[in-house]
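Residues per chain, in single letters:
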Amino acid sequence: MFVTPGTLPNFAQKLTREAAERVARSWSVLLLNGLALIVAGVLIFSIDWSIRSLATFIGALFILQGLTYALTSGVDARVRQTNVITGLLSIATGIAVIVWPGPGLVTLAIFLGSWLIVIGTLTISAAFAARRLLPNWWLLLITGLLEIPLGVLALANPGATLAALVTVAGIWAVAIGVTRVVLAFEVKHLPEEVDRALAQPAVKDAAPKAQAPEMSLAATGH
């Protein structure tokens, strides 16, 4: 979402203040998306769904996720393009789920499971790419590692009960929502993190000069 593999080989040298500020502008989008997903997850567990209503709701979540991806800025134009493509695919999936005539459990499970596996794989690769960008990059990794098994679970038995799909969708929404809320605040403070990272070499260079007078005083017995 913020970086792709190969776009950020060295945090201190490659990530400029301007790029950090560009990424940080997306923090409110992530926060709102995370809160909306948490609420959606609670609703999924709380409502007695029919197949049609659950399909419509999950389709709406896919569209919400797609808009979030499309509106999220990355460190460069390549990441921005990836976000837009991913967002459009998510929106298209959501529309397909909603307009599918008479969706059955099999259709809904295939849509949900396939998308979770795809987005989980992308999230894992993004997590490793962001390990020098975000202190809590491991949250992305855990999210991806959760999404793939949930997708496999949905696809392994596409004729499963409606309750099973509700469980998969609910866990996914809450888990992603919590992760997005945490990452939102991480991203908000990214420019300050960049300033600290870039200032470290200057501090190290200045340290010996600051200690030199103390050493000379000790040598003269003062």
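This structure is a prediction, so every number in the text was calculated from the model and none was measured.

Considerations on the overall build of the protein
- Along the protein, the regular secondary structure elements total 9 helices and 0 strands.
- Start at the N end of the protein and walk to the C end: the helices and strands fall as α-α-α-α-α-α-α-α-α.
- Each of the 222 residues in the protein was classed as buried or not, and the buried ones make up 43%.
- At a minimum sequence separation of 6, the contacts of the protein that also span at least 24 residues come to 83%.

Let's talk about helix 4 (residues 51-71)
- In this model, helix 4 (21 residues) spans 30 Å end to end at C-alpha, consistent with the 30 Å of a helix rising 1.5 Å per residue.
- Within the sequence span of helix 4, burial applies to Leu 54, Ala 55, Ile 58, Gly 59, Leu 61, Phe 62, Gln 65, Gly 66, Thr 68, Tyr 69 and Ala 70.

A few points about the nonpolar core
- Core analysis: the largest hydrophobic core is formed by 27 residues, its most contacted members being Ile 44, Leu 54, Ile 58, Phe 62, Leu 108, Leu 112 and Trp 172.
- Listing elements by their share of this core, those giving two or more residues are helix 3 (27-46), helix 4, helix 6 (105-129), helix 7 (137-156) and helix 8 (162-188).
- Counting residues in each nonpolar core, the second largest holds 17 residues, with Ala 130, Leu 134, Leu 183 and Leu 190 among its members.

Brief notes about the packing of aromatic side chains
- Across all of its chains, the model carries 5 aromatic pairs by this definition.
- Note on Trp 49 and Phe 57: the rings are 5.0 Å apart at their centroids and 40 degrees apart in plane angle, and the pair reads as tilted.
- We classify Trp 49 as buried; its relative accessible area is 11%.
- Between Trp 100 and Phe 111, the aromatic rings sit 5.6 Å apart at their centres with planes inclined by 75 degrees, giving edge-to-face as the arrangement. Of the two residues, Trp 100 is situated in the loop between helix 5 (77-99) and helix 6 and Phe 111 in helix 6; the sequence distance between them amounts to 11 residues.
- Members of the aromatic cluster, each reached through a chain of ring pairs, are Phe 62, Trp 115 and Trp 172.
- Here the guanidinium or amino end of Lys 188 rests over the ring plane of Trp 27, the centre of that ring lying 4.4 Å away.

Some points on the packing of helix 3 against helix 4
- Taken N-terminus to C-terminus, the directions of helix 3 and helix 4 make an angle of 170 degrees; their axes are 10 Å apart at the nearest point. On the basis of the axis angle, helix 3 is roughly antiparallel to helix 4. Listed contacts from helix 4 to Val 29, Leu 30, Asn 33, Ala 36, Leu 37, Ala 40, Leu 43 and Ile 44 of helix 3 are Phe 57, Leu 61, Leu 64, Gln 65, Thr 68 and Leu 71.
- For the contact of helix 3 with helix 4, a count of residues per class yields 11 nonpolar, 3 polar and no charged.

Here we look at the confidence of the model for the protein
- Counting all residues, the mean pLDDT for the protein is 77, and 76% of those residues have values of 70 or more.
- Mean pLDDT values over the elements of the protein span from 46, in helix 1 (residues 11-14), up to 92, in helix 3.
- Low pLDDT, under 50, characterises residues 9-13; the stretch is placed with 10 contacts to residues that sit more than four places away or in other chains.
- Under a pLDDT of 50 for its full length, residues 209-222 has, in the predicted model, 1 contact with residues more than four places off or in other chains.

Observations regarding the environment of Ile 142
- For Ile 142, the location among the structural elements is in helix 7.
- Here Ile 142 falls in the partly exposed class, since its relative accessible area comes to 47%.
- As a C-alpha pair, Ile 142 and Ala 175 span 33 residues in sequence and 9.5 Å in three-dimensional space.

Regarding the environment of Ile 63
- Mapping Ile 63 onto the fold places it in helix 4.
- Relative accessible area serves as the criterion here: at 23%, Ile 63 is assigned to the partly exposed category.
- Spatially, the C-alpha atom of Ile 63 lies 7.6 Å from that of Ala 92, the residues being 29 residues apart in sequence.
- If we ignore the near neighbours within four places in the chain, the residues touching Ile 63 are Ser 90, Ile 91, Gly 94, Ile 95 and Ile 98.

Looking at the packing of helix 5 against helix 6
- Look at helix 5 against helix 6: their axes get within 11 Å of each other, and the N-to-C directions meet at 170 degrees. Taken together, the axis directions place helix 5 and helix 6 in an arrangement best described as roughly antiparallel. Facing helix 5, whose interface residues are Thr 86, Leu 89, Ser 90, Thr 93, Ala 96 and Val 97, helix 6 presents Leu 108, Phe 111, Trp 115, Ile 119 and Leu 122.
- Grouping the constituent residues of the contact of helix 5 with helix 6 by class yields 8 nonpolar, 3 polar and no charged.

Definitions and cut-offs
Residues numbered from 1 in each chain as written. Predicted model: local features only at pLDDT ≥ 70, side-chain atom pairs only at ≥ 80, totals over all residues. Heavy atoms only, no water. Helix = DSSP H or I, 4+ residues; strand = E, 2+ residues; numbered from the N terminus. Buried < 20%, exposed > 50% of the residue type's maximum accessible area, 1.4 Å probe, protein only. Contact = heavy atoms within 4.5 Å. Expected span 1.5 Å × (residues − 1). Core = buried A, V, L, I, M, F, W, Y, C linked by side-chain atoms within 4.5 Å. Phe/Tyr/Trp six-rings, centres within 6.5 Å; stacked < 30°, edge-to-face > 60°. Lys NZ or Arg CZ within 6 Å of the ring centre and 35° of its normal. Axes fitted to C-alpha atoms, helices over the stretch in contact; angles between N-to-C directions. Parallel < 35°, antiparallel > 145°, perpendicular 65-115°, else oblique. Nonpolar A, V, L, I, M, F, W, Y, C, P; charged D, E, K, R; others polar. pLDDT = per-residue confidence, 0-100.

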